[in-house]
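Observations on the model geometry
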Amino acid sequence: MAETDWAQLIEESLASFTLDVLPTTLQLPALPLAVTRFIAASQRPDVDLRELAAIVETDTGLTVELLRNVNSAFVGLKQKAKTARQALALLGLRQSKLLVVTVGAQAAIRARQSKLINQTSFWNTSLQRAIFARETAKMLKSDPEVAFAGALLQDYLLPVLSNEFFDQYLAFTTQRDDLPDCIIEYEQQSIGCDHAVVAAAMAHRWKLPDELVCCVLFHHRGLRVLADPRLARTSVAAVALSALLPDQLRQSLSGLDQLALLETKWPAFRFEELVETVDAQQAEIGMGVGNDYPLMRRCRQFLEQRPAAEAAPA
């Protein structure tokens, strides 16, 4: 299969969109200065780890989060990093960039309180989707770390947009069963754009990796992503499948049904086993967020009620 031209996909998809269509009152989040400097410096072929580490260390919060994440169980490192330079050396430039970007975006959003979205639940769901996407990417033989970062970032603008367009998003939550299956259809009708396009445009402006931008841009493709030869076996597909998992806004009403259908078509995709894996890994990772709503709890009723014939072959 030919390698996907991510830059071309972005150009095709975002060519007719500009952030200028958004209300002037909307205060879009900004990445911490250290993150933007890190991204810019990491683009240079001659950059070394000492320079990048020095940039990270100008932001105490970023340094702490980098070390905490690097030393957590999900990275799988046997030796602990004690400095930013050690952390970057252990991870390598590519994975370090993904981690710094993810931590920076989280910090930008956590600084903004949402009037509609419960932040703890939001970040729990984001982490569940990230783990789910990473495990699915492994099955697709695509990049699991890009999938993890993409799934973690897929909804990062929802707290901001739901504040700006509070009445529209409130109506979405209170009238959910009478509205379109997928949230982006409703957003396009009610506010003239959707959070996937706006978030991707922001990520592109931040000069995030093109593949990561596409993960955000196409995360609401659902099962259709598997029919697209450019996306079917990529991290984008893994993120799109993760977006079908339940969340507090019920962004995709048919999400679990789509995953059940996929289980019947793809023997390696065992949904219940994946859910158990997500919960086990989330308990290990934590990332500083308590988990009152494990994914199994969110999915249990669906799993118990679905016909036995829909279960994946052994």
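Structural notes, computed from the coordinates. (Residues numbered from 1 in each chain as written. Predicted model: local features only at pLDDT ≥ 70, side-chain atom pairs only at ≥ 80, totals over all residues. Heavy atoms only, no water.)

1. Let's talk about the nonpolar core
Note the threshold: As used in this record, nonpolar core signifies buried Ala, Val, Leu, Ile, Met, Phe, Trp, Tyr and Cys residues forming a set joined through side-chain atoms within 4.5 Å. Exposure classes here rest on a 1.4 Å probe applied to the protein chains alone. A residue is buried below 20% of its type maximum, exposed above 50%, and partly exposed in between. Starting at the N terminus, helices and strands are each numbered in turn, a helix being any DSSP run of H or I of at least four residues and a strand any DSSP run of E of at least two. It only takes one pair of heavy atoms within 4.5 Å for two residues to be counted as in contact.
Counting 109 residues, the largest nonpolar core has Leu66, Phe132, Tyr156, Leu208 and Phe271 as its most contacted members. Looking at this core element by element, the count peaks at nine residues for helix H7 (residues 119–140). Once residues within four sequence positions are removed from consideration, Tyr156 is found in contact with Ile109, Phe122, Ala199, Met202, Ala203 and Trp206.

2. Topic: the layout of surface pockets
Put simply, the rule is: Think of a 1 Å grid over just the protein atoms. A cavity is a set of points where a 1.4 Å probe fits yet cannot get out, a pocket is an open set with protein on both sides within 12 Å along at least five of seven lines, and lining residues have an atom within 4 Å of a point. Grid points are joined across faces, edges and corners, and a volume is the space filled by probe spheres set on the points. Under the convention adopted here, Pro, Cys and the residues Ala, Val, Leu, Ile, Met, Phe, Trp and Tyr are nonpolar, Asp, Glu, Lys and Arg are charged, and Gly plus all remaining residues are polar.
Considering only enclosed or pocket space, the largest pocket measures out at about 180 Å³ in volume. As for the largest pocket, its lining consists of 13 residues, and the residues nearest its centre are Pro246, Arg250, Ser252, Leu253 and Leu256. Taken together, the residues of the lining of the largest pocket break down into seven nonpolar, three polar and three charged. Taken as a whole, the second largest pocket encloses approximately 150 Å³ of empty space.

3. Looking at the packing of helix H8 (residues 144–153) against helix H14 (residues 235–242)
Note the threshold: Comment: axis = line fitted to C-alpha atoms, over the contacting stretch for helices; angle = value between 0 and 180 degrees taken between N-to-C directions. Any angle between 65 and 115 degrees counts as roughly perpendicular, while under 35 counts as roughly parallel, over 145 as roughly antiparallel, and the rest as oblique. Should the near helix be turned anticlockwise from the far one by less than a right angle, the crossing is termed left-handed; should it be turned clockwise, right-handed.
At their nearest, the axes of H8 and H14 sit 9 Å apart, and the two run at 40° to each other. Compared by their axis directions, H8 and H14 come out oblique. Note on packing geometry: the crossing formed by H8 with H14 is right-handed. Here Val146, Ala147, Gly150 and Ala151 of H8 come into contact with H14, specifically with Ser235, Ala238, Val239 and Ser242. For the contact of H8 with H14, the residue count by class is five nonpolar, three polar and no charged.

4. Quick word on the state of the cysteines
As used in these notes, a disulfide is a covalent bond between sulfur atoms, one from each of two cysteines. Stated precisely, the cut-off is as follows: Criterion for a disulfide: a pair of cysteine sulfur atoms within 2.5 Å.
Within this structure, the stated rule accounts for zero disulfides. Here Cys182 stays unpaired: no disulfide links it, and the sulfur of Cys193, its closest cysteine neighbor, is 14 Å away.

5. Things to note about the pattern of salt bridges
What counts is decided by this rule: Whenever a carboxyl oxygen of Asp or Glu lies within 4 Å of a side-chain nitrogen of Lys or Arg, that contact is scored as a salt bridge.
Tallying each qualifying case throughout the model produces 12 salt bridges. One salt bridge connects Asp143 with Arg94, and the closest N-O pair in it is separated by 2.2 Å. Of this pair, Asp143 sits in the loop between H7 and H8 while Arg94 is found in helix H6 (residues 93–110), placing the two residues 49 residues apart along the sequence. On the accessibility criterion, Arg94 (48% relative accessible area) is partly exposed. What you see here is one network of salt bridges that share partners, running through Glu12, Arg221, Asp228 and Arg230.

6. Looking at the packing of H6 against H8
Two elements in contact, H6 and H8, have axes separated by 10 Å at closest approach and are oriented at 10°. As summarised for this structure, H6 and H8 are arranged roughly parallel, according to the angle between their axes. Residue-level inspection shows Arg94, Gln95, Leu98, Val101, Thr102, Ala105 and Gln106 of H6 in contact with H8, the latter providing Glu145, Val146, Ala149, Leu152 and Leu153. Along the lines of polarity and charge, the residues of the contact of H6 with H8 split into seven nonpolar, three polar and two charged.

7. A closer look at the environment of Ala171
Mapped onto the secondary structure, Ala171 falls in helix H10 (residues 166–174). Distance from Ala171 to Trp206, taken between C-alpha atoms, is 31 Å for residues 35 residues apart in sequence. Excluding its chain neighbours within four sequence positions, the residues that come into contact with Ala171 are Arg176, Leu179 and Tyr186.

8. Quick word on the side chain of His219
Short version of the rule: Here a polar contact is recorded for every N or O atom pair within 3.5 Å, except that within protein the pair must consist of a potential hydrogen donor and a potential acceptor, and residues adjacent in sequence are included only if both atoms are side-chain atoms.
Structurally, the position occupied by His219 is in the loop between helix H13 (210–217) and H14. In this structure the side chain of His219 is engaged in a polar contact, spanning 2.6 Å, whose partner is the backbone oxygen of Val216. Within polar-contact distance, the side chain of His219 engages the side chain of His220 at 3.3 Å. Ignoring anything within four residues of it in the chain, the contact list for His219 reads Gln154, Asp155, His195, Ala196, Val239, Ala240 and Ala243.

9. Quick look at empty space enclosed by the protein
Evaluation of the coordinates by the stated rule reveals three cavities of 30 Å³ or more. In this structure, the second largest cavity occupies an estimated 80 Å³ of space. Forming the boundary of the second largest cavity are Ile117, Ser121, Phe122, Thr125, Ser126, Arg129, Asp155, Leu158, Asp247, Gln248, Leu249 and Gln251. Element by element, the count of residues in the lining of the second largest cavity is highest for H7, at five residues. Looking at the lining of the second largest cavity residue by residue, the class counts come to four nonpolar, five polar and three charged.

10. What about the packing of aromatic side chains?
Between two aromatic rings, the relevant description is the distance of the centres plus the angle of the planes. Selection rule: What counts as a ring pair is set by centres within 6.5 Å for rings of Phe, Tyr and Trp (its six-membered ring), and what kind of pair is set by the plane angle: stacked under 30 degrees, edge-to-face over 60, tilted for all other angles.
A full pass over the atoms with the stated rule returns seven aromatic pairs. Members of the aromatic cluster, connected to one another through ring pairs, are Phe132, Trp266, Phe269 and Phe271.

11. Description of helix H3 (residues 49–56)
Inclusion rule: This arc describes the spread of directions from the helix axis toward the C-beta atoms.
Within H3, the full set of buried residues consists of Leu52, Ala53, Ile55 and Val56. Buried residues of H3, seen end-on, are gathered within an arc of 155° and therefore sit on one face of the element. Taken together, the buried residues of H3 touch helix H2 (33–42), helix H4 (60–70), helix H5 (84–91) and H6. A distance of 3.1 Å separates the backbone nitrogen of Arg50 from a side-chain oxygen at the start of H3, and that oxygen is part of Asp48.

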